[in-house]
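As a plain string of letters, each chain reads:
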Amino acid sequence: MSGYAPPVQRLVTELSKLPGIGSRTAQRLAFHIMRAPAQDALALADAIREVKEKIRLCEVCFNLADQTRCTICQDTRRDRSAICVVEESSDVISIERTHEYHGLYHVLGGALSPMDGVDPDDIKIAELYARVQGSAPDSDEAVREIILATNPTTTGEATALHIAAELRARRPELTLTRLASGLPVGADLEYADEVTVGKALAGRRTV
Ligand SMILES: [Zn+2]
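What counts, and where the lines are drawn
Residues numbered from 1 in each chain as written. Predicted model: local features only at pLDDT ≥ 70, side-chain atom pairs only at ≥ 80, totals over all residues. Heavy atoms only, no water. Phe/Tyr/Trp six-rings, centres within 6.5 Å; stacked < 30°, edge-to-face > 60°. Buried < 20%, exposed > 50% of the residue type's maximum accessible area, 1.4 Å probe, protein only. Lys NZ or Arg CZ within 6 Å of the ring centre and 35° of its normal. Axes fitted to C-alpha atoms, helices over the stretch in contact; angles between N-to-C directions. Helix = DSSP H or I, 4+ residues; strand = E, 2+ residues; numbered from the N terminus. Parallel < 35°, antiparallel > 145°, perpendicular 65-115°, else oblique. Left-handed = near helix turned anticlockwise from the far one by under 90°. Contact = heavy atoms within 4.5 Å. Nonpolar A, V, L, I, M, F, W, Y, C, P; charged D, E, K, R; others polar. Donors = N, O, S within 2.8 Å, 3.2 Å for Na, K, Ca; no water. Tetrahedral: all angles 85-135°; square planar, octahedral: opposite > 155°, others 65-115°. Pairing = 2+ DSSP bridges. Right-handed = clockwise from strand over helix to strand, strands pointing away.

Is there a simple way to explain the packing of aromatic side chains in this structure?
Applying the stated rule across the entire model yields 2 aromatic pairs. Between the aromatic rings of Tyr101 and Tyr105, the centroid separation amounts to 5.2 Å while the plane-to-plane angle is 70°, which identifies the pairing as edge-to-face. In this structure, Tyr101 and Tyr105 share a single accessibility class: buried. Positioned above the aromatic ring of Tyr129, the side-chain terminus of Arg170 is 4.0 Å from the ring centre.

Spelled out as C-alpha cells, the structure:
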C-alpha cells in the first residue's frame, strides 16, 4: 500500500488494527475521515483521547468507570445479594439491555486459557473471592448468589467451572448459577440479542 502520503498511511495502519477492520475497510474509513469536515474528524479524535484519559476500571467490580466506582456499584437501588460474573465490560451492557437483572457485576477482564497463557492471576478472579469473603473494598457479606455469565465458549465454560469450584470451597452456602442454554454455543454474549440473553438469565441453572 505504498503511494499514500505518510500521514494517510499512518491513519490507514492505525484503523486496520481495529477488530474486524481489514486493509480495504481501513482505507475506506481513512478516506471518509479525510473527506469529513474537520470538526467531525477532530470530534472522533477527541472522543478517543477522552476515553483513554478518563475511563478507568471500577475499584469494586472492574467495570468501566469515570470515577473510582462505576454507576452500577454506586446505585444504592441495586440488589446487593447477587453478583453476575462476566468476561468483559461489553457483557455488562448486554445484560443491562435485558432489564432482567438488578444485581451487581464482576468483570474478569478475560477468560482462563492456559494455551494462550491466561492463568487465574491474569484476570480479576482473586478480586472476586475477596469480594465474597469480605476482604475487598465494599465487599458484601450480603451476597447470596453468584451468576457465572462467562461466554458459552470453551474458555468461558472452563472459567465458570474453575470459579465455581473455588467459590464452593470458600463459601459453600452461596448459590452458584450459570446462564441457561439458548445462547448459541461458541458465541459471545456481546453478540446475542437482548431477548436471548434475557431468557438465558431467567432460566439460569444451579451449577
Ligand atoms: Zn463497579
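Teacher, can you tell me more about the packing of helix 1 (residues 6-15) against helix 2 (residues 23-35) here?
For any two helices packed against each other, the geometry is given by the interaxial angle and the distance between the axes. Where helix 1 contacts helix 2, the two axes come as close as 8 Å, and the packing angle between them is 125°. By the angle between their directions, the pair helix 1 and helix 2 is classed as oblique. The handedness of the crossing between helix 1 and helix 2 comes out as right-handed. For the pair helix 1 and helix 2, the contacting residues are Val8, Leu11, Val12 and Leu15 in the first and Ala26, Gln27, Leu29, Ala30, Ile33 and Met34 in the second. Of the residues assigned to the contact of helix 1 with helix 2, the class counts are 9 nonpolar, 1 polar and no charged.

Would you mind going over the coordination of the zinc ion with me for this structure?
Bound to the zinc ion on the protein side are Cys58 (SG), Cys61 (SG), Cys70 (SG) and Cys73 (SG), at distances that span 2.2 to 2.3 Å. Bound by 4 donor atoms, the zinc ion shows angles of 102 to 117° at the metal and therefore tetrahedral coordination geometry. Classification of Cys61 by relative accessible area gives buried; the value is 1%.

I keep staring at the pairing of strand 4 (residues 103-107) and nothing clicks. Help me out?
Two faces, one strand: in a regular strand the side chains alternate between the faces of the sheet. In terms of burial, strand 4 is largely enclosed, as 5 of its 5 residues are buried. Both strand 3 (residues 79-86) and strand 4 contribute to a ladder of 5 bridges, which runs parallel. Directly across from Val86, in strand 4, lies its bridge partner Val107. One crossover worth recording links strand 3 to the parallel strand 4 by way of helix 5 (residues 89-98), and it is right-handed.

What exactly am I supposed to notice about the sheet that holds strand 5 (residues 145-148) here?
Either a parallel or an antiparallel arrangement is found when strands of a sheet pair, and the pairing is made through backbone hydrogen bonds. Reading across the sheet, the 5 strands line up as 4-3-5-6-7 and stay open at both edges, with mixed pairing between neighbours. Each edge of the open sheet is held by one strand with a lone partner, namely strand 4 and strand 7 (205-206). Bridge analysis of strand 5 against strand 6 (residues 175-178) gives 4 bridges, and the strand direction is parallel. Within the sheet, the bridge partner assigned to Ile146 lies in strand 6 and is Leu176. Relative to strand 4, helix 5 is tilted by about 155°, and along the sheet it contacts strand 3 and strand 4. Sheet strands in contact with helix 7 (residues 154-170) are strand 3, strand 5 and strand 6, and its direction is about 175° off that of strand 6.

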